[in-house]
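# Notes for the structure review
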Amino acid sequence: MISNVLYFLSHLQLYLLPLVETLGGWVYIALFAIVFMETGLVVFAFLPGESLVFFASTLAAITGSSLDIKILVPVFFFAALIGDTVNYEIGRNLHRFPLFRRLLSEDKLAKARAYFEKHGGKTVMFGRFIPLIRTFIPLISGSARMDYKRFSIYNLLGVLIWVVLGSSLGYFFGQLDFVQNNFSVILVSFGLISIVPGIMISLYRLIKNRQVI
């Protein structure tokens, strides 16, 4: 049951069509929530950020789709921006928890602060384009007491480029005739490709275990 839920959450882009058909206009709130959770809450770092932005924008370009790219872009932008800001604030307040203070010594925090004073801007901006990592960077930035104004500027730039680039590529992709006629097939193919690494790892472990036996 849990594995099925995790698969659904990590492959949400595959369920875009039924999601849009079921929720109608409410789908924008669902997409906002998904991107917000992926960027704002580290426990949801596995959610599909880029692929969701890309394929939702692709679907917006499909003839007859109820999604509007002019609404999607600000939805994704504010979801990511607010998510990162919330994550940063969580990081700033982690010192209040005894467990955090035990895990990170003052020496480690001092090194983190020195790093973000020197490289924080580009780390926040370019880290936005690295899956999983982008969820932890705002948290670490807050923990390291990176200047909020500096964080906000570079975070805004990173989110803006991330959303505009992902949605523009997706929308252009969706305008291709082949994609227009085979969108469902492309989504399913994407899902199959995404599970290939897991299958290869499982086969490798199976073969290795048999060799040991």
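By the naming in an unreviewed UniProt entry, the protein chain is DedA protein, taken from Liquorilactobacillus mali. Here the protein chain is described in UniProt, under the heading Sequence similarities (unreviewed entry), as follows: "Belongs to the DedA family." In UniProt, the protein chain has this text filed under Subcellular location (unreviewed entry): "Cell membrane".

## As for the environment of Leu41
Looking at the element boundaries, Leu41 is found in the loop between helix H3 (27–40) and helix H4 (49–61). With relative accessibility at 27%, the residue Leu41 sits in the partly exposed group. Each C-alpha atom, one on Leu41 and one on Val86, is 8.2 Å from the other, the two residues being 45 residues apart in sequence. In this structure Leu41 touches Phe36, Ile90 and Thr135, once residues within four positions along its chain are discounted.

## Comments concerning the UniProt feature "transmembrane region" (unreviewed entry) in the protein chain
Feature annotation in UniProt assigns "transmembrane region" (unreviewed entry) to the following positions: residues 12–34, 41–63, 69–88, 153–173 and 185–207. Counted over residues 69–88, helix gives 100% and strand 0%. Its end C-alpha atoms are 28 Å apart. As annotated, residues 153–173 has a helix share of 100% and a strand share of 0%, and its two end C-alpha atoms lie 30 Å apart.

## Digging into a nonpolar patch on the surface
Nonpolar side chains collect at one region of the surface, where Phe126, Phe129, Ile130, Ile133, Ile161, Leu165 and Leu169 lie side by side and expose about 620 Å² of accessible area between them. Counting residues per element, the nonpolar patch draws most heavily on helix H9 (residues 148–174), which supplies three residues. With respect to the element layout, Ile161 can be found in helix H9.

## A look at the confidence of the model for the protein chain
For the protein chain, the mean per-residue pLDDT works out to 78, and 69% of the residues sit at or above 70. Confidence scores differ between elements of the protein chain, with helix H1 (residues 2–10) showing the lowest mean pLDDT of 53 and helix H5 (residues 69–92) the highest of 94.

Quick notes on the rules
Numbering of residues starts from 1 in every chain and runs along the sequence as written. Residue-level local features of this predicted model are given only where pLDDT is at least 70; pairs of side-chain atoms are given and counted only at 80 or more, and the full residue set underlies all totals for whole chains, interfaces and linings. To get the side-chain values, take all heavy atoms of the structure and skip hydrogens and water. UniProt positions are given in the numbering used here, feature names are shortened, and annotations may be inferred rather than shown by experiment. Segments assigned H or I by DSSP are reported as helices when at least four residues long, segments assigned E as strands when at least two residues long, and all are numbered from the N terminus. For every residue, the accessible area (1.4 Å probe, protein chains only) is compared with the maximum for its type, and the residue is labelled buried under 20%, exposed over 50%, or partly exposed between those bounds. Only heavy atoms enter the contact rule, under which two residues are in contact if any of them lie within 4.5 Å. In this analysis, a patch consists of residues with relative accessible area above 30% that form no salt bridge, clustered at 9 Å for like charges and at 5 Å for the nonpolar side chains Val, Leu, Ile, Met, Phe, Trp and Tyr. With residues, only the protein chains shown are counted as cover, and all accessible areas are computed by Shrake-Rupley using a 1.4 Å probe. Basic side-chain nitrogens of Lys or Arg form a salt bridge, by our definition, when they fall within 4 Å of a carboxyl oxygen of Asp or Glu. As a per-residue measure, pLDDT tells how confident the predictor is, with possible values from 0 to 100.

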